[in-house]
Amino acid sequence: TETFYSYIGEEISDYKVYTSNINTIFYSNFYIKPVEICKIIKQKYRYDENGKIIMSAFYSPDNYQAVKCTYISRANCQEQEHILCKHKIKDRLNNKCICKCKCKNISISIFKGKTGFSKGSTLINGANTWEQILDTYEYMKKIYYDNYKEISFEIEKEEHEKEIVKILNNDGTT
């Protein structure tokens, strides 16, 4: 056991460190059609090879500009029955959780991309391990690769330049 000194000078001992909620972002380098990617995920990628739900997608541009997805990462899980743990982190740290399944619900936000800036940014949030991030990234990469023609689009150069000028001139400067 090590001693951890808090900011107010009190000594805290017997602490445990637990990694939770790793957040990452990657760019697809192409613009993504949100309606198409949402439809494709629902139709092709909702179930795993055993018929169990592994992914969901939802798109409501009036509420949020990205396609909101959840993916069940099974990285590091050796169990046959995958039952997501509903315990809070403090229960796991205090050994009150006896769940053997290491699956984790990962949140994914897919943005179509802004003209002149990022193209198709994808946020992967909520992982507890780097392996869960990599598992989710590889799954998303496969979806993008397999469905590139249906989900990607390009912006005409003239339209692209107008948008950049519009953004640059928004505050009245050039």
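Residues numbered from 1 in each chain as written. Predicted model: local features only at pLDDT ≥ 70, side-chain atom pairs only at ≥ 80, totals over all residues. Heavy atoms only, no water.

1. Some details on the pattern of salt bridges
Proximity of charged atoms lets side chains of opposite charge pair with each other. With the rule as written, the count across this model stands at four salt bridges. Notably, a salt bridge pairs D48 with R74, separated by 2.5 Å at the nearest N-O pair. Taken as a pair, D48 in the loop between α1 (34-44) and β5 (55-58) and R74 in the loop between β6 (67-73) and α2 (89-93) lie far apart in primary sequence, 26 residues in all. The class for D48 is buried, based on a relative accessible area of 12%. Between D146 and K142 there is a salt bridge, with the nearest N and O atoms lying 2.6 Å from each other. Residue D146 and its partner K142 are located together in helix α3 (residues 130-146), separated by four residues, close to a single helical turn. (Salt bridge = Lys/Arg side-chain N within 4 Å of Asp/Glu carboxyl O. Helix = DSSP H or I, 4+ residues; strand = E, 2+ residues; numbered from the N terminus. Buried < 20%, exposed > 50% of the residue type's maximum accessible area, 1.4 Å probe, protein only.)

2. A few points about the nonpolar core
Grouped together as the largest cluster of nonpolar side chains are 29 residues, with contacts concentrated most on I37, M55, I110, I143 and Y144. When residues of this core are traced back to their parent elements, those giving at least two are β3 (22-27), α1, β5, β6, β7 (104-110), β8 (121-127) and α3. The element contributing the most residues to this core is α3, with five residues. The contact partners of I110, leaving out residues within four places of it in the chain, are I32, I37, I41, A66, V67, C69, S121, T122, M140 and Y144. (Core = buried A, V, L, I, M, F, W, Y, C linked by side-chain atoms within 4.5 Å. Contact = heavy atoms within 4.5 Å.)

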